[in-house]
Amino acid sequence: MSRSKYITKEEILVRGREAIGIPMRDIDKTNRLKTGKGAIGTVLEESWFGLKVNNESEPDFVDAGIELKATPYVKKRIGIRAKERLVCNIINYIEEYKNSFFTSSFWKKCNTMLLMSYEYKEDIDKGDFHIEEATLFSFPEEDLVVIEHDWEIIINKVRNGKAHELSEGDTLYLGACTKGSTSAKSMRQQPFSDEFAKQRAYALKQSYMTYILNSYIFGSKSNERIIKDPNLLKETCFEDYIIDKINPFIGRTQHSLLKEFNIESSAKNINEILLSRILGVKGRISATDEFKKAGIIPKTIRINQKGRINESMSFPTFRFLDIINENWEESCFKNYLEPARFLFVVFRKISDKEYIFERIKFWNIPADDLDEVKKVWERTKQVIKDGVVLTKTGSSTKNNFPKSTENRVSHVRPHARNVNDTYPLPDGRKMPKQCFWFNRTYIESIIEE
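As the structure is a prediction and not an experimental result, all values here were calculated from the model.

## Concerning the sheet that holds strand β13 (residues 354–363)
With mixed pairing, 3 strands are arranged side by side in an open sheet as β10-β12-β13. The sheet is open, and its two edges are formed by β10 (296–303) and β13, each paired on a single side. Taking each pair of neighbouring strands and ignoring which way they run, the sheet shows an average axis angle of 20 degrees. Bridge analysis of strand β12 (residues 341–351) against β13 gives 9 bridges, and the strand direction is antiparallel. When the bridges of β13 are listed, lysine 349 appears paired with tyrosine 355. Seen against the sheet, helix α8 (residues 238–246) touches β10, β12 and β13 and runs at an angle of roughly 165 degrees to β13.

This is the structure in structure tokens:
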């Protein structure tokens, strides 16, 4: 490994901050900007710090124990959001299970990072990008407890011969994301099973990177917290804490809970409001520090006396012109769904006017089911490329997107406010917005498990 002339943390930070405001084209000395994903980080390593680009397990600045990471973000109406997860290093299944967290390859490489942040803008040449902030980052103790637990979840699957079942949604802050294509070339041996597993890397989730950007780099106001004393996480994991906090209220009627927490509301999200009050949160549970960092998505579900639900579960709408230019591995929907951790909150109907709080469940999509979603996504893309077929039947119009009868997990159907709420198709026609849905029967199977 080549060693940098920048040895101490102070020297490295000073040099990093000297890059602020300089267009990337003025930094790039080796035409790395013409390469693909990761070009900005490569330019900084090679042309700014004089490092030899490599994939070694040691941090970039060996003497100081610092890893260099370029972190893109996007500005939205609601604030700054990380553009993507932060990929750290490949997981060597054969060797990594022998380690403890503090001897792991992840900890050795990424326990302290120089985060060099830049704003990503679509249709802007990479050469115009420039570093906005450079910050030395070490994990705060309260987050480190969660990350260590995440690492244990990942490695325990390897130790149990289930590396092929790993999913980024298994964990909260530190995930095991797929790395490389899913062809045979990217499949890897694992130590306790003959089944090959997808190559994966440790990665800080996009939701956690958004938190880092807002809290440690750009200094935004923090959110309401569920756990007021971070030391509690040394005694129990976050999800167990939530379950223990909620369990005493399981079996209670909705009306009795509304009365206990002095809530007078007929809001559509009344059950989410109840959950917030049970957890001691004044605002929305989805806006708390812990839920935002982990990207946990709360979903309240009403079931009838027979355990059936009335409708499927929708996801954000997709743009027809975007999806035809994506591949599955880097698609918006895969990168939304795979790392997502859901909290299902189930209320069962017991009479015309009453429900009981039946149970909660943390869940993420299994790898096999994600493969089923991939089939739906790929056929949807092909339908759009071939030209959506619209068939008029009486007062309604049908299309040829995948139906719920064609796949056990997912389908596509409209998710628009009205007929005028549209996105353009590649052929110039406009069509009401569509989205991917989980089938009603699939959701029922999840909450019955």
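## A look at the pairing of strand β4 (residues 112–119)
Of all the 8 residues making up β4, 8 are buried; the element is thus mostly covered by neighbouring parts of the structure. Of the two faces of β4, the one lined by Thr112, Leu114, Met116 and Tyr118 and the one lined by Met113, Leu115, Ser117 and Glu119 are each fully buried. Across 7 bridges, β4 lies against strand β5 (residues 131–138) in antiparallel orientation. Bridged to tyrosine 118 within β5 is isoleucine 131.

## A word on unusual backbone geometry
Residues other than glycine seldom take positive phi values, yet aspartate 123 does so here, at roughly 65 degrees. For aspartate 123, the position within the fold is in the loop between β4 and β5. We note that asparagine 262 has phi near 55 degrees; this positive angle belongs to a residue other than glycine. By secondary structure assignment, the location of asparagine 262 is in the loop between α9 (254–260) and α10 (270–278).

## Description of the nonpolar core
Residues Phe106, Phe139, Leu204 and Ile226 are the most contacted members of the largest nonpolar core, which totals 65 residues. It is helix α6 (residues 141–159) that contributes the most residues to this core, 7 residues altogether. Contacts of phenylalanine 106, omitting those with residues within four sequence positions, involve Cys88, Asn89, Glu96, Phe101, Asn111, Phe139, Ile147, Leu174, Tyr202 and Leu204. Among the nonpolar cores identified, the runner-up in size contains 37 residues, and Ile365, Val376, Leu425 and Ile446 belong to it.

## Brief notes about the sheet that holds strand β19 (residues 434–438)
Taking strand neighbours across the sheet as the criterion, the 3 strands line up as β11-β19-β16 in an open arrangement whose pairing is antiparallel. For this open sheet the edge positions go to β11 (313–318) and β16 (410–414), each flanked by a neighbour on one side alone. Strand-to-strand twist in this sheet, taken as the mean axis angle between neighbours without regard to direction, amounts to 30 degrees. As defined by bridge partners, β11 adjoins β19 across 4 bridges and the pair is classed as antiparallel.

## Re the pattern of salt bridges
Tallied over the full model, the rule gives 34 salt bridges. Here arginine 17 and glutamate 133 are joined by a salt bridge, their closest N and O atoms 3.4 Å apart. Of the two residues, arginine 17 is situated in helix α1 (residues 9–18) and glutamate 133 in strand β5; the sequence distance between them amounts to 116 residues. Among the residues examined, arginine 17 registers a relative accessible area of 41% and is labelled partly exposed. We classify glutamate 133 as partly exposed; its relative accessible area is 22%. Put simply, glutamate 67 and lysine 69 hold a salt bridge, and the shortest N to O gap is 3.7 Å. Through salt bridges with shared partners, a single ionic network connects Glu142, Asp143, Arg225, Asp289 and Lys293.

Parameters at a glance
Residue positions within a chain follow its written sequence, with the count starting from 1. Per-residue local features are limited, in this predicted model, to residues with pLDDT of at least 70; the limit for side-chain atom pairs, both in listing and counting, is 80 or more; totals at the level of whole chains, interfaces and linings are taken over all residues. Note that the side-chain values use all heavy atoms of the structure and ignore hydrogens as well as water. Strand pairing is assigned whenever DSSP detects at least two bridges linking the two strands. The helix and strand labels rest on DSSP assignments: H or I over at least four residues marks a helix, E over at least two residues marks a strand, and numbering proceeds from the N terminus. Where helices are involved, their axes are fitted lines through C-alpha atoms of the stretch in contact, as for all axes, and angles between N-to-C directions lie from 0 to 180°. Contacts are assigned to residue pairs with any non-hydrogen atoms lying within 4.5 Å of each other. For every residue, the accessible area obtained with a 1.4 Å probe (protein chains only) is divided by the maximum for its type, and the residue is called buried under 20%, exposed over 50%, and partly exposed between those limits. We call a set of buried Ala, Val, Leu, Ile, Met, Phe, Trp, Tyr and Cys residues a nonpolar core when their side-chain atoms join them within 4.5 Å. Salt bridge, as applied in this entry: a Lys or Arg side-chain nitrogen positioned within 4 Å of an Asp or Glu carboxyl oxygen.

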